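Structure assessment
So the chains spell out like this:
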Amino acid sequence: MRFGALKLVIVHSHFRPGGVRRVIELATPHLVAHWPDRIRAVVLSAGEAPDPSWLRGFRRQLRGIPVKVIARSEFGYVSELGLDAKTLHRRVKDGVSQLLRETANDDCVVWAHNLGLGRNLYLARELAFACHRLRIRLVAHHHDWWFENRWHHFAAMRQSRFRTLTAVALAVLPGSPAICHMAINQSDTAVLERHFPRSSGWLPNPVEPEAPPSARRVEAAAAWLRKQLGEQAPVWLLPCRLLRRKNILEALLLTRWLRPEAWLVTTGGVSAAEEQVYADTIASTAQKNGWRLSTGILRHNERKMPSVPELLAASEAVMFTSLQEGFGLPYLEAAAAKRPLVARRLSSIAPDLRKFGFTFHQWYKEVLVDPVLFDWRGERERQTRLFARWRSLMPEAAVRFADRPAMLCSGAGRFPIPFSRLTLTAQLEVLTQPLDRSWERCVVLNPFLRTWRDRARQRRLKPSPWPASAKKWLGGQAYARRFLKAVASMGSQAPAKGASQAAQAEFLRIKLREDHLYPLLWDSST
């Protein structure tokens, strides 16, 4: 295909701090630099205008390429808009039409992020329809999926006139010669390639180690942390927003066991209203019990606030206990900062990390908990109730794929269970146990922790080196090359009839297996 001067239109529901915005800010300069001929303009379109300071930095990175912002509230999360379905549909249709009119006389590529999250199916559907009709190339870049423990979103979809799985599949996984579906890990890519063999691919996030912060900047970050915490103490950093899937209390439990004098510090704040109860509960309970937890330390976006790389450099160790991730940037951030990492080994992305060449010394599959540390009967009853409610959100076609969670699979006998498979209530019950008691009960179930605690006390936890092979997969030039290959392949042939529904059905079979079920994610207050 011909690559000429064009506009790159970047669409997302928001440009709030997080993984998607980070990908956009890192990747776009490389796309601009490596595009054949040239990109003559970039359009940023979302439900709200980006933060002005972020936008200024983004423009600097593009070195003179014009950047236009089109903010339309109807492109945001439906749950935050308060509009009836008819009005929202009309406004989204008008908004997409206006957005693409901006490119009427230009060659154009639309790079749309996270349509598969399902937070605005009207936007996903209308953007796909318009690009198909006008033969505008659309790269649908999938970072997260609505069917990964987010079935409350399906209930909202039904209220928005997307009442069947087929309707949702056609919106988030549309088939068209003009559309290419890209995933950020090999696991999801394998599913897409089976159903969209000529219009899908793997696009891992761009990550290139930056020059380390100067000693002066690191000391300034350490001083800022001391001021925020009110004392000088070791900091174990969990770089994340306040989301249930980040499994923050597991990081706190491990920090208290391995380095009880350390503070666990999280960076981002709440980015969705449904996470507020979780964030408030863990913060208030930590304060009440005197736990060394500081949440959302960067949420206020104050002037002279240290950057995440500076905080990483000023911290003793990095934690990452997320339940599900599409890519897992903190693994790589810790390696780039040469900081020891204590992290869950997620089956969806561990093969990718190995392919990139990374080796992590303190990662684990699960932390098993002795059932005497929480109210077993109460937790079993709670999970039974929550699981039934969660299943009730699913259509029958999905219910038949759903396994039972670990705690509800066996008989009445008690058995060690992963901390990650507990509700928030039970997790807090474990944490409120005397620290020595929970340690003694659980270290025999997780013998690797004894070695890690000895290393932590001596400040000898092992960092992971940055492998030379990573550039081949994660470098900016490699990213641009993969993106361009995807764009070049578009327009050749339409996917098979029914590809959208078949791909979604395969994803459902995978994502509803027992190893993907986490009670913490079934309800916003468990």
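Refer to the structure above for everything that follows.
Residues numbered from 1 in each chain as written. Predicted model: local features only at pLDDT ≥ 70, side-chain atom pairs only at ≥ 80, totals over all residues. Heavy atoms only, no water.

**Considerations on the packing of aromatic side chains**
Ring pairs (aromatic) are described by centroid distance and by the angle formed between their planes. What counts is decided by this rule: Paired rings are identified among Phe, Tyr and Trp, the last through its six-membered ring, by centres lying within 6.5 Å, and are further divided according to the angle between planes into stacked (under 30 degrees), edge-to-face (over 60) and tilted (the rest). The helix count covers DSSP runs of H or I at least four residues long, the strand count covers runs of E at least two residues long, and both are numbered beginning at the N terminus. Consider the ring centre and the ring normal. A charge sits over the ring if Lys NZ or Arg CZ is within 6 Å of that centre and within 35 degrees of that normal.
In total, this model carries 30 aromatic pairs according to the counting rule given. Ring geometry for W257 against W439: centres 6.0 Å apart, planes inclined by 70°, an arrangement best described as edge-to-face. One end of the pair, W257, is in helix α9 (residues 248–258); the other, W439, is in helix α18 (residues 435–443), with 182 residues separating them in the sequence. Put simply, the rings of W145, W146, F147, W151, F154 and F507 pair up and form one aromatic cluster. Lying across the ring of Y77, R119 places its NZ or CZ 4.0 Å from the centre.

**A word on the pattern of salt bridges**
Opposite charge on two side chains lets them pair, provided their charged atoms get close. The criterion, for reference: Between Lys or Arg on one side and Asp or Glu on the other, a salt bridge is scored when a side-chain nitrogen of the former is within 4 Å of a carboxyl oxygen of the latter. Categorising residues by exposure relies on relative accessible area from a 1.4 Å probe, with only protein chains included: less than 20% of the type maximum marks a residue as buried, more than 50% marks it as exposed, and the intermediate range marks it as partly exposed.
Enumeration over the complete set of coordinates arrives at 29 salt bridges. Linking R259 and E261 is a salt bridge whose minimum nitrogen-to-oxygen distance equals 2.4 Å. On the accessibility criterion, R259 (9% relative accessible area) is buried. We classify E261 as partly exposed; its relative accessible area is 37%. The closest approach of N and O atoms between R441 and D370, which form a salt bridge, is 3.6 Å. One end of the pair, R441, is in helix α18; the other, D370, is in the loop between β14 (368–369) and α14 (376–392), and 71 residues separate them in sequence.

**Points about the packing of helix α1 (residues 19–34) against helix α21 (residues 476–489)**
Axes are the key here: two packed helices are described by the angle between their axes and the distance separating the axes. Using the following cut-off: Orientation is described by axes fitted as lines to C-alpha atoms, over the contacting stretch for helices, and by angles from 0 to 180 degrees between their N-to-C directions. For this classification, under 35 degrees means roughly parallel, over 145 means roughly antiparallel, 65 to 115 means roughly perpendicular, and everything else is oblique. Residue contacts are defined here by distance: any two heavy atoms, one from each residue, within 4.5 Å place the two residues in contact. In this classification, the charged set is Asp, Glu, Lys and Arg, the nonpolar set is Ala, Val, Leu, Ile, Met, Phe, Trp, Tyr, Cys and Pro, and all remaining amino acids, among them Gly, are polar.
Two elements in contact, α1 and α21, have axes separated by 9 Å at closest approach and are oriented at 75°. One way to sum up the angle between α1 and α21 is to call them roughly perpendicular. Residue-level inspection shows V23, A27, H30, L31 and H34 of α1 in contact with α21, the latter providing G476, Q477, Y479, A480, F483 and L484. For the contact of α1 with α21, the per-class residue count stands at seven nonpolar, four polar and no charged.

**Remarks on helix α12 (residues 329–336)**
Along α12, the residues that are buried comprise P330, Y331, L332, A334 and A335. Contacts from the buried residues of α12 go to β11 (317–320), β12 (341–344), α13 (350–356), β13 (362–364) and α20 (470–474).

**Here's the deal with the nonpolar core**
Here is the rule we go by: Buried Ala, Val, Leu, Ile, Met, Phe, Trp, Tyr and Cys residues that are joined via side-chain atoms within 4.5 Å together make up what is termed a nonpolar core.
Judged by nonpolar contacts, the single largest core of 84 residues is most densely connected at W236, I248, Y331, F374 and L474. If one sorts the elements of this core by residue count, α9 sits on top with eight residues. Residues within four places of F374 in sequence aside, it is in contact with V369, E379, M407, I417, L422, A426, E429 and V430. If you look at the next biggest cluster of nonpolar residues, it comprises 61 residues, including F75, V110, A112 and V172.

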